[in-house]
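# Survey of secondary and tertiary structure
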Amino acid sequence: MTSEITHLPEELEKALEDVRQVRMTVDRLRRSHPIRDALKPLSHYAFVLGPIFVVYGVGMQWLRDSSVQQVWGIPKAGFIALLTFLLMMLMGFAKSTVYKRALRHKNVDANEMLKQIMVSSGYLRIIAGTVPMFVVLCLVFVQMGHSHQIVGLVGLFSGSVYILIPLALPMKEISWLGALITIASGISMFIFPAYPFYKVAVLFGGLSLGFGVIGFSSLEETERQDESD
């Protein structure tokens, strides 16, 4: 029995070529998405933020375990809460400053880009759908006397958002990081309850450094692909 090599019908070959062209166009659009332009400055920010989380976690755990009852006249628990709030405010300000300054050098309107990322892409729907559940769970855990598990719960929330982001934005590189931080955070909720701030140092310091590494590597890959097109 001899086998005959048959050619695809001309119409099917044209259809497959159209599909290939569409795929190439989608890939180019994915690489030129606004979030890609914002990724590099945020990667720089993440590399700085990682060590800050480590220092904060180690320092706060030391303070929590020490015999000190007051710091500058403020009860120890209140001082830790105040310092945590100030750190969050400082991180938000630094992130906004780094982000806007980097985009200003590219003559890009930071507010318009943020609008495209948050609203046009659908990323805001992911946040709106997960934040209320996260807040309610935190309140429930506090009421149940399991405050030491809040760090792991925050990690679960962050990891789930990282996993969901590729549904709205072309950032498939962070899915594995989201899965990793979700698993690690879930495990952390049930081990070492006396060391919540060490968990902050490991989970969020690692998350920040991981995001920085992914940001740089994905940008380099994008530049290589753009040069080859």
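This structure is a prediction, so every number in the text was calculated from the model and none was measured. (Residues numbered from 1 in each chain as written. Predicted model: local features only at pLDDT ≥ 70, side-chain atom pairs only at ≥ 80, totals over all residues. Heavy atoms only, no water.)

### A few points about the overall build of the protein
- On a plain count of helices and strands, the protein comes out with eight helices and two strands.
- Overall, the protein shows an N-to-C arrangement of helices and strands of α-α-β-β-α-α-α-α-α-α.
- Here the protein, with 229 residues, has 37% of them falling under the buried criterion.
- Approximately 14500 Å² of the protein is accessible, and the part contributed by carbon and sulfur atoms is 68%. (Helix = DSSP H or I, 4+ residues; strand = E, 2+ residues; numbered from the N terminus. Buried < 20%, exposed > 50% of the residue type's maximum accessible area, 1.4 Å probe, protein only. Areas by Shrake-Rupley, 256 points an atom, 1.4 Å probe, with all protein chains shown as cover.)

### Description of helix α5 (residues 123-143)
- Taking 1.5 Å as the rise per residue, α5 with 21 residues should run 30 Å; its terminal C-alpha atoms sit 31 Å apart, in good agreement.
- Taken together, the buried positions of α5 are occupied by Tyr 123, Ile 126, Thr 130, Phe 134, Cys 138 and Phe 141.
- A positive phi of about 80° marks Gly 145, the residue just after α5. (Expected span 1.5 Å × (residues − 1).)

### Quick notes on the environment of Phe 157
- One can find Phe 157 in helix α6 (residues 150-164).
- A sequence separation of 30 residues divides Phe 157 from Ile 127, and the C-alpha atoms of the two residues are 10.0 Å apart.
- Residues within four places of Phe 157 in sequence aside, it is in contact with Thr 130, Val 131 and Phe 134. (Contact = heavy atoms within 4.5 Å.)

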